[in-house]
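Single-letter residue listing:
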Amino acid sequence: STASLLPEILREAIAAMPIPKPMRWADHAWGFARPAHWLVLLHGATVVEAELFGLQAGRVSRGHRFHHDQTVSLAQPQDYVEALRAAFVLVDPSERRARIVAEVEAAAAKAGGSARITEDNLEQVVNLVEWPSAVLCSFEPAFLAVPQEALIETMEINQKFFPVLDAAGTLTEKFIGIANIESKNVAEVAKGYERVIRPRFADAKFFFDEDLKQGLVSMGEGLKTVTYQAKLGSVADKVARVAALAEVIAAQVGADPAQAKRAAELAKNDLQSRMVNEFPELQGIAGRHYAVAGGESAEVALAIDEAYQPRFGG
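Quick summary incoming for the structure in this document. (Residues numbered from 1 in each chain as written. Predicted model: local features only at pLDDT ≥ 70, side-chain atom pairs only at ≥ 80, totals over all residues. Heavy atoms only, no water.)

### Description of helix α3 (residues 93–110)
- With 18 residues, α3 should cover 26 Å at 1.5 Å per step; its first-to-last C-alpha distance of 26 Å lies within 8% of that length.
- Inspection of α3 places R96, R99, I100, V104, A107 and A108 among the buried residues, and these make up the whole buried set. For α3, the angular spread of buried residues about the axis comes to 160 degrees, placing them on one side.
- Where α3 is buried, its residues meet β7 (114–115), α4 (119–126), β8 (133–138), β9 (162–165) and β10 (171–179).
- Of the residues trailing α3, G112 is marked for its positive phi of about 80 degrees. (Helix = DSSP H or I, 4+ residues; strand = E, 2+ residues; numbered from the N terminus. Expected span 1.5 Å × (residues − 1). Buried < 20%, exposed > 50% of the residue type's maximum accessible area, 1.4 Å probe, protein only. Arc of directions from axis to C-beta. Contact = heavy atoms within 4.5 Å.)

Below is the structure:
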């Protein structure tokens, strides 16, 4: 019968799940994505007799630990989604996704801007919360002197926040965090989010300011000590070869040989910057900002950035 086959199917399915870093709890030998505390296994209205992670299957689940710290009894599988929703848990990821997008967009509109919602960041946030609630936050406008790419990188990668942009697509001092609770004191939640982001922004500003003091041209000196390939010399040697090639090719295609050579000479210098050391994804982007600050032409600055395109496969 189906009920007799389900326990082994369940064990095989769990064992086959790709969990790169399983967690362990108590003194058990097993591991899973998260510590398991209860198990619901139903076939129709009947509880399937099974054991997993030392847990006996039943029909009792639980709701949100703060909004509904009570058990939820399920008469049949069809009750699951609605019963958990009533207990402040959205079990359907598509429903959580839609709610997060709607709340983030509403919060951004309230701040007079639009939210930057990338698929990667949204996917992670969707799987971090049960009952999402948007919290509008802000940081000191002085941090906007830092290249916005660095600030956005920090917000999205490190904190899973959503930046708020103005009509021109420029970063504002507003951002949105997603809480897993409808707080009675949202202002305190916002303070917490703002508190964790401030040190990271301060680091980024320090790196940027120190790099500006050094200058993009002088960063190139450090490339002489970075090995490109054992038999091909240093990165500085490679830069010299690329610059020579760029000068020749530019003349053949009607471009400015001097500008092409200059861009090639500077294109790898930001690899020695503090900013790129902390945010490797900003290779080229940081160089563009430092080139502009150093008085290089707009064409040279743009070429430094575009030298890294395409940035990703696809």
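### Observations regarding the pattern of salt bridges
- If you walk through the whole model with that rule in mind, you get 20 salt bridges.
- Close ionic contact of E182 with R99 constitutes a salt bridge, the shortest N to O distance being 3.1 Å. Taken together, the residues E182 in the loop between β10 and α6 (186–214) and R99 in helix α3 connect sequence positions 83 residues apart.
- Using a relative accessible area of 39% as the deciding quantity, one classes E182 as partly exposed.
- As a salt-bridge pair, D305 and R311 come within 2.3 Å of each other at their nearest N and O atoms. (Salt bridge = Lys/Arg side-chain N within 4 Å of Asp/Glu carboxyl O.)

### Comments concerning the packing of helix α11 (residues 285–293) against helix α12 (residues 298–306)
- Where α11 meets α12, the axes come as close as 7 Å, and the angle between the chain directions of the two elements is 165 degrees. In terms of orientation, α11 and α12 fall into the roughly antiparallel class. Relative to α12, the crossing made by α11 is right-handed. Residues I285, G287, R288, A291 and V292 of α11 lie in contact with α12, whose contacting residues are A301, L302, I304 and D305. (Axes fitted to C-alpha atoms, helices over the stretch in contact; angles between N-to-C directions. Parallel < 35°, antiparallel > 145°, perpendicular 65-115°, else oblique. Left-handed = near helix turned anticlockwise from the far one by under 90°.)

### Points about the sheet that holds β7
- Taken in spatial order, the four strands line up as β7-β9-β10-β8 in an open sheet, and their pairing is antiparallel. Two strands close off the open sheet at either side, each with one partner strand: β7 and β8.
- Here β9 runs beside β10; their pairing, made up of three bridges, is antiparallel. In the sheet register, L165 faces β10, and the bridge partner there is L171.
- In this fold α6 packs onto β8 and β10, with an angle of close to 60 degrees to the strand it touches most, β8. (Pairing = 2+ DSSP bridges.)

### Notes on the packing of helix α5 (residues 148–158) against α6
- Two elements in contact, α5 and α6, have axes whose closest approach is 10 Å; the angle formed by their N-to-C orientations is 140 degrees. The angle between the axes of α5 and α6 places the two elements in the oblique class. In terms of crossing hand, the pair formed by α5 and α6 is right-handed. Where α5 approaches α6, its residues L151, T154, M155 and N158 are matched on the opposing element by I197, R200 and F201.
- Its residues assigned to classes, the contact of α5 with α6 comprises four nonpolar, two polar and one charged. (Nonpolar A, V, L, I, M, F, W, Y, C, P; charged D, E, K, R; others polar.)

### Overview of the packing of aromatic side chains
- Enumeration over the complete set of coordinates arrives at eleven aromatic pairs.
- With 6.3 Å between their ring centres and 25 degrees between their planes, F139 and F175 make a pair best called stacked. One end of the pair, F139, is in the loop between β8 and α5; the other, F175, is in strand β10, with 36 residues separating them in the sequence.
- When the ring of F208 is compared with that of Y290, the centres are 5.7 Å apart and the planes differ by 25 degrees; the resulting orientation is stacked. (Phe/Tyr/Trp six-rings, centres within 6.5 Å; stacked < 30°, edge-to-face > 60°.)

### Digging into the environment of A109
- Structurally, A109 is set in helix α3.
- Taking the C-alpha atoms as reference, A109 lies 9.1 Å from V164; in sequence the two are 55 residues apart.

### Notes on the side chain of H64
- Tracing the backbone shows H64 in the loop between β5 (60–62) and β6 (71–73).
- With relative accessibility at 1%, the residue H64 sits in the buried group.
- In contact with H64, not counting residues within four places along its chain, are D69, A87, F88, V89, E130, W131, N180 and I181.

### Concerning the environment of V48
- Tracing the chain through its elements places V48 in the loop between β2 (46–47) and β3 (51–52).
- Between the alpha carbons of V48 and R62 there is a distance of 18 Å; along the sequence they are 14 residues apart.
- With residues near it in sequence (within four places) discarded, V48 still touches A3, L6, P7, L41, L42, H43 and A57.

In short, shape yes, function no, at least from these values alone.
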